[in-house]
Amino acid sequence: MSFLTHSQARAANRPQRVNSYVDYEVKQGDTTEDTDFFSSQDGRRGVRKSVNLSPKKRKLLPSELDDLANWTPMPEDDAAAGAESAEAGDKRKRYESSDDPMKSWRPMLQFFLDELLRREGLGDQSHKCSCCHKIFTTSCRRFRCRQCGTFVQNAPSVRTMVVLDFPQIHDISYRYCACDLSDRANNLEQLLRNDWYPATTVDPATCATFATLEIFRLTTVVGGLNVHDFIRTMEKSTNPWGVDEIPDRYKAFGRMSRQFAFLGRLMRAGRAHDAHGVEATGRGECAVLCWACPQEGMNLPDRWRDVDPQFQFLFMLILAIDANFRMRNRLRANAHDDPPLASGWGYMQEEKGYKAHLRNAVPEKDISTCVAFAALTQKDTRLTTGLRSSGVGAVVCARHELIRPQGMGDLQKGERYMNMDYIVLASVWGVTLLYLAFCYDIVCQWKIRFKQRMAAMPADMQLDLDTTTVVFGLPVWHAMAHERKCQVQNSLTTDGEGTERVWSDFNELATATKEMNFGAREDAIEDKVDFHNTEKNLKQGVTLPRKLIIAIDERDRQVASFEEVDRTLNVELRQEWQDMIDAWNADRGKPNPYELDEGKNGDEASIRLELAKEELDEAANGKATLHGSSLTSFLVMGLQLENSQDKIRAELKGRSILAGEQSQRVTELRRAFFVKLRKFRGLQAVYAPTAIEEVKEEDEKRDRDLPPPQAEAVRLFLPSEMQGVTDRADLEGVAEKEARLREGQLHDNIRRLRSRLHAKRHLLQYRNDHLITENIQLAVGRYRRARKALLALRGEGACEAWKPLEDADIRLDQEREADALARERLGGVGSNSRKSTRGIMAAISSKKKKMSWIWTQGGGPDADEQELVDAVRVEWAAAKARKDRWSEEVELLREEMRRVLRFLKWRALWWEERRTINRAVMPEVRDGLQAFAAQQAAILRQISRRFKSSWGASVSIAVRTALAEDMERLAGDSALFATG
């Protein structure tokens, strides 16, 4: 038999038939199939047979993953483009467990938890009416008054008890019930079923009502109120004139509130429903998870790993890392053994394992390759005298600002790698995603030996780097303190400053927890984080669509901007630059398409490096002392604050589709500025104390009837801003180093200005130079500021090479000849049009009357054609990157909205499964467990319906809704300000 095997071409996108009864799926655009041809036995006809019927597994598009994949949150429309105990005193008998008041309570944890959940059902009246005693049928709807107690009288003996029932403290007489119904309940159960929480488990003499404990918890997590102030408020409400003696229940209430909040967290986490009991709780199982972050098995479609590589960014977990040194904890002489109620169940590190790691870890000597910010220079040098903890380190999801399970840990001495490594790896324990991103303000140093340090960790904490790709990045604000090369190598598509915003919510708590015992502090932090994460999740119904509105508007702007630049290029040059981008993305050691060639000498980054090396040499030789942060770091911080002020001014001048979002961004920028300003003033008091005196003098002269200056108007009082700086010996060393840094700024900004003007010359030919004008004005403003500072520091003689920059210096002849250029233009910049470009340059050059001094260093604007081409390349590559990132942001936000709905559906089903109780409990407790599970499932489904209904509206409707909300909020703020 003769046969022939070959691959036959076929038209793309045509329905494929292998033979009369077999179909198989092929990737769109695949134009080949394997076919066998052979003759029949009689030789009269040819027979075709397809082989290799098992198709190659293809990569999926995101829209093919699950039922939500084809649902588009906030579909776009045309309207979108135009539119934001010692409880009884010394007289009471002391027990063996007096050093640990929780000792007798901890073994009864399951009992207390069951009693609280018992309240969620009908209690003893679950099968009959409490009034007429009629037996319920299965179809009856049953209700119970939450405020009615069960046991109130009939006991023969009368006792006294202090009951805290907000807003007053009551000293009452009571009797335990001795009726038939109470035979099944001991005294503790009677109190709990009466909604009174006992301060002790043995003969309690103090109780607090559940309502009071709930009020206190809310005022604590929302407003930062502490136990002392709450009890003081109740004492004043009970006895405003001080004529009666009020029992002191400060310590007793502290224990009760701590236990009550902990039990609430266990209930909400479903730990009472575990078949093995509450003690079976594992690490991080009480933590509130982020609804929008990728969580495998919860909110990811089944085949997400098969998605096409270009869409895998949709399933990347991006985490931000930082430390907060305001949340320190002091050692106390009267401290007693007070462990946390459940170490490692929530957000803080499991104490035993964490301390064992720190004991065995060897501090790593940092080898700095970058002039970084305060975290690097102070990571091993912070003063810790008298402190149990110098602060906390944390890991949060960078996009949604929720603290990760086991994502917090105490720091003993600064921000050491041994601490931060453990916290980071604990926070991603069990994560099996394809991509994981870490954003950290000293990531350029931290990542260098991260793999080696991870190898020394417990095996179950180590990441599988064969299946998970880890990327590193710098937060946007902190990146400015790093060298330019470092910024480029560690850039991220998100701002990465989530931890800074998280800390603003926790700084009030820092005051309350500073003097607490170890366990009480950790439990307070756990409860605050639990509330914080829950609130962040609930607010995603509003924050995600608002972000999407802004992203769609910005994407459309960036697409239009890129197209205006892109149409000026020929095909060959466009491909050459795209190849350059692809090569750099694959290997960051390749030439960077987003940057001009490095300057030879004199730029700010090289000067900063020189100064840092000089200071290290001086410190090594005993000629200088580093005060936590170096003098160079102090000055760099000042220059960084100047740039932050520029950013605030630019934001105020910019446009935004939602005024409320713009106002919020400005508020966040101002808040971040003042946080850094406080650190800057602390260093200023060390290196330039006379400047602090001038700061105080200016503040004393300020009109107190006027509001204080906004961040963008604050004077920093760098040496260049102070009177007579050249004659002041106290500022000599500081002033000279600032002068050197200012020279670097002049060098950099002239270079940037020349590049921007080159690009503008090219774009003028196509009448779209407005795209680059803003960057030109920014470079001009920073050059003028740096020159003014250098004049103050060194005088006129130091500025001979740095002349005043006039408006005429940045005006191109092409602006006057734009129409003529448009007629002469033969094509875009590129290898095929360079001869034409040189002709145009020559024509313009012959028309110029006088060349600005800014071109003399490089031979004039026409001397180097390659400089022009490079400048346009930088603008094109940057425009393309902005277009791509904003397009990705739109897709990512929509995927996050889908993930929220998937998570809510999964969690509702999870709670429904918990209605089946798999452990032995009393019928009344079983009813409560089932009722609580049903309630949680119903709440989650209600939230999901509300989110999906809101997100299903078109963008134009969402914009109008957001604008109305902004106007209402702004009107409310204005009324509040007027009232104040």
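In this text the structure is predicted, and so the values were computed from the model without any measurement. Along each chain, residues carry numbers from 1 onward, in the same order as the chain's sequence is written. In keeping with the model being predicted, local features are shown solely for residues with a pLDDT of at least 70 and side-chain atom pairs are shown and tallied solely at 80 or more, while totals for entire chains, interfaces and linings include all residues. To obtain the side-chain values, all non-hydrogen atoms of the structure were used and water was disregarded.

### Notes on the overall build of the protein
Quick reminder of the rule: Secondary structure elements are defined from DSSP: runs of H or I of at least 4 residues count as helices, runs of E of at least 2 residues count as strands, and each element is numbered from the N terminus. Accessible areas in this description were obtained via Shrake-Rupley with a 1.4 Å probe; residue shielding takes into account the shown protein chains only.
Along the backbone of the protein there are 27 helices and 14 strands. Summing over all exposed atoms, the protein offers an accessible surface of approximately 48,600 Å²; the carbon and sulfur share of this is 51%.

### Regarding the packing of helix α6 (residues 351-360) against helix α8 (residues 417-427)
For clarity, the threshold we go by: Note on definitions: angles span 0 to 180 degrees between N-to-C directions of axes, and those axes are lines fitted to C-alpha atoms, for helices only across the stretch in contact. Take the far helix as the reference: if the near one is turned anticlockwise from it by less than a right angle, the crossing is left-handed, and if turned clockwise, right-handed. Here, residues are in contact when the closest pair of their heavy atoms is within 4.5 Å. Just so you know the grouping, Ala, Val, Leu, Ile, Met, Phe, Trp, Tyr, Cys and Pro go in nonpolar, Asp, Glu, Lys and Arg go in charged, and all remaining residues, Gly too, go in polar.
Relative to each other, α6 and α8 sit at 145°, their axes nearing to 10 Å. The way α6 lies across α8 gives a crossing that is right-handed. In this structure, α6 contributes Gly353, Tyr354, His357 and Leu358 to the contact, and α8 contributes Met418, Asn419, Tyr422 and Ile423. For the contact of α6 with α8, the residue count by class is five nonpolar, three polar and no charged.

### A look at the UniProt feature "transmembrane region" (unreviewed entry) in the protein
Convention followed: UniProt positions are given in the numbering used here, feature names are shortened, and annotations may be inferred rather than shown by experiment.
Here, UniProt's "transmembrane region" (unreviewed entry) annotation points to residues 422-443. Structurally, residues 422-443 comprises 32% helix and 27% strand, and the distance from its first C-alpha atom to its last is 15 Å.

### Quick notes on the packing of aromatic side chains
Selection criterion: Any Phe, Tyr or Trp ring, taking Trp's six-membered ring, that has another such ring centre within 6.5 Å forms a pair; planes under 30 degrees apart are called stacked, those over 60 apart edge-to-face, and the others tilted. Burial here depends on accessible area, computed with a 1.4 Å probe over protein chains only, as a share of the maximum for the residue type. Under 20% is buried, over 50% is exposed, and the range in between is partly exposed.
One pass over the structure, following the stated rule, counts 34 aromatic pairs. Arranged with centres 5.8 Å apart and planes meeting at 25°, the rings of Phe634 and Tyr687 form a pair that is stacked. Here the residue Phe634 occupies a position in helix α17 (residues 631-653), and Tyr687 occupies one in helix α18 (residues 659-687), the gap between them amounting to 53 residues. Residue Phe634 is classed as buried on the basis of its relative accessible area, which comes to 0%. What makes Tyr687 buried here is its relative accessible area of 13%. An aromatic cluster of three or more residues is present, and its members are Trp105, Phe111, Phe112, Tyr197, Phe210, Phe260, Phe262 and Trp345.

### As for the pairing of strand β13 (residues 435-440)
Definition in use: Whether two strands pair comes down to DSSP finding at least two bridges between them.
A large share of β13 lies buried, amounting to five of its six residues. Two elements, strand β8 (residues 317-324) and β13, share five bridges in a ladder whose sense is parallel. Across the sheet, Ile321 pairs through a bridge with Tyr440, a residue of β13. Pairing between β13 and strand β14 (residues 469-473): five bridges, direction parallel. Opposite Ala437, over in β14, you have Val471 as the bridge partner.

### What about unusual backbone geometry?
Residue Pro167 follows Phe166 across a cis peptide bond; omega there is 15°. Of note, Pro167 is situated in the loop between β4 (159-165) and β5 (168-174). Positive phi, close to 55°, is recorded for Gln406, a residue that is not glycine. Structurally, Gln406 is set in strand β12 (residues 403-411). For Gln406, a relative accessible area of 5% translates into the label buried.

### Focus on the environment of Leu113
Within the secondary structure, Leu113 sits in helix α1 (residues 109-118). Leu113 gets classed as buried once you look at its relative accessible area, which sits at 0%. A C-alpha to C-alpha distance of 7.5 Å links Leu113 and Met267, two positions 154 residues apart in sequence. Dropping the residues within four chain positions of it, Leu113 is found in contact with Leu263, Leu266, Met267, Ala272 and Val278.

### Quick word on the sheet that holds strand β7 (residues 206-209)
Reading across the sheet, the four strands line up as β5-β4-β7-β6 and stay open at both edges, with mixed pairing between neighbours. Each edge of the sheet is formed by a strand with only one pairing partner; in this case those strands are β5 and β6 (196-198). If you compare each strand with its neighbour and ignore which way they point, the axes differ by 35° on average. Bridge count for β4 against β7 is three bridges, and the pairing is parallel. Bridge pairing in β7 places Leu164 opposite Ala208.

### Notes on the pattern of salt bridges
Let me state the cut-off plainly: Think of a salt bridge as a Lys or Arg side-chain nitrogen and an Asp or Glu carboxyl oxygen that are within 4 Å of each other.
Tallying each qualifying case throughout the model produces 47 salt bridges. A salt bridge links Lys536 to Glu401, with the shortest nitrogen-to-oxygen separation between them at 3.0 Å. Placement of the pair is Lys536 in helix α14 (residues 518-566) and Glu401 in the loop between β11 (391-397) and β12, with a sequence separation of 135 residues. Classification of Lys536 by relative accessible area gives partly exposed; the value is 24%. A salt bridge links Glu912 to Arg941; the shortest N-O distance between them is 3.0 Å. Of this pair, Glu912 sits in helix α25 (residues 865-913) while Arg941 sits in helix α26 (residues 923-951), placing them 29 residues apart in sequence. On the basis of relative accessibility, which here comes to 31%, the residue Arg941 falls in the partly exposed class. Salt bridges here are not isolated pairs; linked through shared partners, they connect Glu642, Asp646, Arg649, Glu738, Arg742, Arg782 and Arg785.

### Structural notes on the nonpolar core
Heads up, the rule is: Side-chain atoms within 4.5 Å are what join buried Ala, Val, Leu, Ile, Met, Phe, Trp, Tyr and Cys residues into a set we call a nonpolar core.
Counting 122 residues, the largest nonpolar core has Leu164, Tyr197, Phe253, Phe438 and Trp446 as its most contacted members. Broken down by element, this core gets its largest block of residues, eleven residues, from α25. With sequence-adjacent residues up to four places away left out, Trp446 is seen in contact with Ile321, Tyr417, Asp421, Val424, Phe438, Tyr440, Arg453 and Phe472. Residues Ala691, Cys799, Trp853 and Ile854 belong to the second largest nonpolar core, which totals 26 residues.

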